[in-house]
Amino acid sequence: MALCGTAPNPIAGSNSVAYSAQNLSTKFILPVPLRLVGQLSNLVRKKRKGVCCSSSRNAASASSMESREDAPSRFSVCLEEEPDHVIRFKMSDFRILDSVSIGLGGRSDEIVFEGLVKDSGSSLYNTRVVLRQLSSAQAQRRGKRAIEVLKKLVRRKLLYHSYSMQVHGYISLPASDDSGPFILVHGYHGSFSLRHWLEQADWLPTLEATLALDEESVRKVGEDTTGGPAVSRQLRLIRILMRDLLIGVNYLHSHGLAHTELRLENVHISPVDRHIKVGILGNAADFYKDGSNDSSLDNLDRRQMMIAFDMRCVGFIMAKMVMRELMDPLVFAKFKSFLTKGYDPSCLRELMLEVLGRSSPFGNAGLQILDRNWGAGWHLLSLLLATKPSQRISCLDALRHPFLCGPRWRVVPSMDIIRWGLGSTAMRITEEYIYRKPQRIRLAHFIDLMEMLNPHPKPKNWLDLLPGKWRLLYCTGKHVGLTLRQPPLRVLVGEVHLTVTRESKFKANLSFDSDIGFSVMIGQDWPLDKAGKSGRLQVNSSFTLRAGRRLYLNQDKTTEKFFFGPSSNVDALAQKFKGKKWRKVIPFKEFPSSLPAAKLTSGDIDVTINLDDPLNRNIYTAKSVLQELRTQIPPEMFDLSKLVCGTYVDSRLLVLRGVNGSALLFTRSFMDRNGSS
């Protein structure tokens, strides 16, 4: 794969044409061979001021010269200490190739060459390398920093060679002042960056062939098979790449370094050792300002922020690998804007369902992958992109996450993952739309389990998490539709939202607004034409939230009297909790007769209905529409005073109970009626 281009700042003393990739990430160019004209061997070689790097053959002269330089201008890595790791090359040591790989994208102040080492006395003889000419002062700082980082990483050579682009050395060219060109020589690891792999139409089979996936390689990520459907193959490949990337990033973090530039363009896959390379580390930053392992509060905060920044970048890479639609800059802008506004990333599924829908050119493979294993992929993505840096997952914890562990590995899930799985499964069942009896039983069962494991039982937690916009997913009460009835007017209910607003930060007063969109279908063709006339029903009420308990009532079959204790509906649930699977995670040994809940006390209720013309001209039509709405929607959404308590809340899901015992399951929503966040 090659690109052609003209270098804006060609190497001094050469008439050659080089490659400068300023807009490499914006478009994919077909292979075009680049013929270089002229010779690169007529360059004058001399040492640059302030660079204490040399090969073993001239280490002594370099040391004597650098000792005469001023201390502030000296470069901090001195190769007299480690002559085997960084070499000062000559331009005559290389044979410049006539093509440049598309994956070696440089910046506007970089010019990239590829070459072969032709010095027979070098350990790199006949090795393909990359020569990166750095012209600006900032670019040269990146190149010198990449050499400086070697001092920390070279102690563990195996991991350095496996997960980083190996920096072999540099070429210092003559100049009239101290800002002359500086060429960094580093390893060549294939033609593509990870971004260019994903932009190919046949990226999946091609990348599988490049990595030479076999039973032994997939066993390393806990998989037990190869091949299979495209979704399974893509999930397997993502696990391999993500685990490799996390190991490489953790290698940097364990040495007190943050990458700070983790992007698809900077990640390469070597076909030789089949490892991910995380770049040349030119912008790697130290955790500690003074270079010491000081455990002061400032250093710990700096370390946490740097690790959190890298993990956020890893989250963006994972999102683009799984959902290839995010490679589109417009779609990714919506994705990133959602996070920039401070919305909780645990609700990303709600956003992506609206943004991608069913019109994605890549199908819904990404959504299927993230939905697998009880939504484990969404959980990992939310931890990588958490709003607060302190809440982001570390590399080691991410490597133990169920999403990145194949079926051969037995992973003990945390309580947080168990709650997430219960909620995700309940959401998936509600999307099936047609609720048969087994589905209704399963949904009620999952809601009961969620209430048992409510992570936020205290009122102060409810006051923090409850405000916001919630979309109704399911109600365990009676369901009435249009199929087997003949109402006077056909009303199709759309989305039902509940908006909760906290009136004061110092009081437990809340405002509940129920917003129900619907359309009235006129005529006999309503099964085929469901456009109709739109309308909206709005119900408003104020609530006071206090601590309370939800009591379980049971009825004695002989005396027909009620008493506190598990009812027959939860007997099976109590038996399940006695098993080994749930015994370790349930916070109580015996099934309780009550659970903590948030008690809701309502005030006055205001009801408003809006109808489009001509439905708003007839009062009897409005009454018929209102009656039909009350028949179809849960009574708690029309009469908000029937909401008596909240039994489960987190950043993503909400469960409220009505006076008749029915449960309403909500998910947090950030979308308006036009589909924008």
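Residues numbered from 1 in each chain as written. Predicted model: local features only at pLDDT ≥ 70, side-chain atom pairs only at ≥ 80, totals over all residues. Heavy atoms only, no water.

As annotated in an unreviewed UniProt entry, the protein carries the name Protein kinase domain-containing protein and comes from Sphenostylis stenocarpa. If you open the UniProt record of the protein and go to Sequence similarities (unreviewed entry), you find "Belongs to the PAP/fibrillin family." (UniProt positions renumbered as here; feature names shortened; annotations may be inferred.)

With that out of the way, let us pick up the packing of aromatic side chains. Across all of its chains, the model carries 10 aromatic pairs by this definition. Judged by centre distance (5.2 Å) and plane angle (55°), the rings of F338 and Y343 are tilted. The class for Y343 is partly exposed, based on a relative accessible area of 24%. Their ring planes at 35° and their centres at 4.4 Å tell us that F512 and F543 sit as a pair that is tilted. Residue F512 is located in strand β13 (residues 509-521), and its partner F543 is located in strand β14 (residues 533-551); the two are separated by 31 residues in the primary sequence. (Phe/Tyr/Trp six-rings, centres within 6.5 Å; stacked < 30°, edge-to-face > 60°. Buried < 20%, exposed > 50% of the residue type's maximum accessible area, 1.4 Å probe, protein only. Helix = DSSP H or I, 4+ residues; strand = E, 2+ residues; numbered from the N terminus.)

So, about the environment of K505. Its place among the elements puts K505 in the loop between β12 (490-502) and β13. Along the chain, K505 and L463 lie 42 residues apart, while their C-alpha atoms are 8.9 Å from each other.

P614 follows D613 through a cis peptide bond whose omega is 10°. The residue P614 is located in the loop between β17 (594-611) and α18 (619-632) in this model. Notably, N126 is not glycine yet its phi reads approximately 65°, a positive angle. Following the sequence through the fold, N126 ends up in the loop between β3 (110-117) and β4 (128-134). Even without being glycine, N373 reaches a positive phi, approximately 55°. Residue placement: N373 occurs in helix α11 (residues 365-384). A relative accessible area of 44% means that N373 is categorised as partly exposed.

Turning to the pairing of β4, a few remarks are in order. Note on strand geometry: in a regular strand, side chains alternate between the two faces of the sheet. With six of seven residues buried, β4 is to be regarded as a mostly interior element. Relative to β4, β3 runs antiparallel, the two being bridged by seven bridges. Across the sheet, the residue bridging to V112 is R132, located in β4. Bridge analysis of β4 against strand β6 (residues 182-187) gives six bridges, and the strand direction is antiparallel. Directly across from R132, in β6, lies its bridge partner L184. (Pairing = 2+ DSSP bridges.)

Mapped onto the elements, T647 comes out in strand β18 (residues 643-649). Assessed through its relative accessible area of 3%, T647 is described here as buried. Engagement of the side chain of T647 in a polar contact is seen with the side chain of E451, the distance being 2.6 Å. Look past the residues within four positions of T647 in its chain and what remains in contact with it is E451, N454, W462, R550, A597, V655 and R657. (Polar contact = N/O pair within 3.5 Å; in protein donor to acceptor, adjacent residues only side chain to side chain. Contact = heavy atoms within 4.5 Å.)

Taking 1.5 Å as the rise per residue, α11 with 20 residues should run 28 Å; its terminal C-alpha atoms sit only 21 Å apart, a clear shortfall. For α11, the principal kink sits at N373 and spans about 120°. With 15 of its 20 residues buried, α11 lies for the most part within the structure. (Expected span 1.5 Å × (residues − 1). Bend = angle between axes of the 7 residues up to and from the residue.)

Remark: helix α8 (residues 297-322) packs on helix α9 (residues 329-340), axes separated minimally by 12 Å, with the N-to-C direction vectors making an angle of 145°. In terms of crossing hand, the pair formed by α8 and α9 is right-handed. In contact with R312, F316, A319 and K320 of α8, α9 contributes F332, F335, K336 and L339. (Axes fitted to C-alpha atoms, helices over the stretch in contact; angles between N-to-C directions. Left-handed = near helix turned anticlockwise from the far one by under 90°.)

A few words on the pairing of strand β11 (residues 468-475). For β11, the buried fraction is high: six of the eight residues fall into the buried class. When β11 meets β12, the two strands line up antiparallel, connected through four bridges. Within β12, the residue paired with R471 across the bridge is H497. Taken together, the five bridges between β11 and strand β20 (residues 663-668) define a ladder with antiparallel strand orientation. Bridge pairing links L472 to F666 in β20.

Turning next to the sheet that holds β6. Read across the sheet, six strands follow the order β1-β5-β6-β4-β3-β2 without closing on themselves; strand pairing throughout is mixed. Lying at the two open borders of the sheet, with one neighbouring strand each, are β1 (87-88) and β2 (94-96).

Attention shifts here to empty space enclosed by the protein. Per the counting criterion, the structure on display carries three cavities of 30 Å³ or more. If you add up the space inside the largest cavity, you get close to 70 Å³. Residue assignment for the lining of the largest cavity shows that the elements contributing at least two residues are α11 and α13 (415-430). For the lining of the largest cavity, the element with the most residues is α13, which contributes four residues. Considering only residue class, the lining of the largest cavity consists of three nonpolar, three polar and four charged. (1 Å grid on protein atoms, 1.4 Å probe; cavity = no way out; pocket = protein on both sides within 12 Å on 5 of 7 lines; lining within 4 Å. Points joined across faces, edges and corners; volume = space filled by probe spheres on them. Nonpolar A, V, L, I, M, F, W, Y, C, P; charged D, E, K, R; others polar.)

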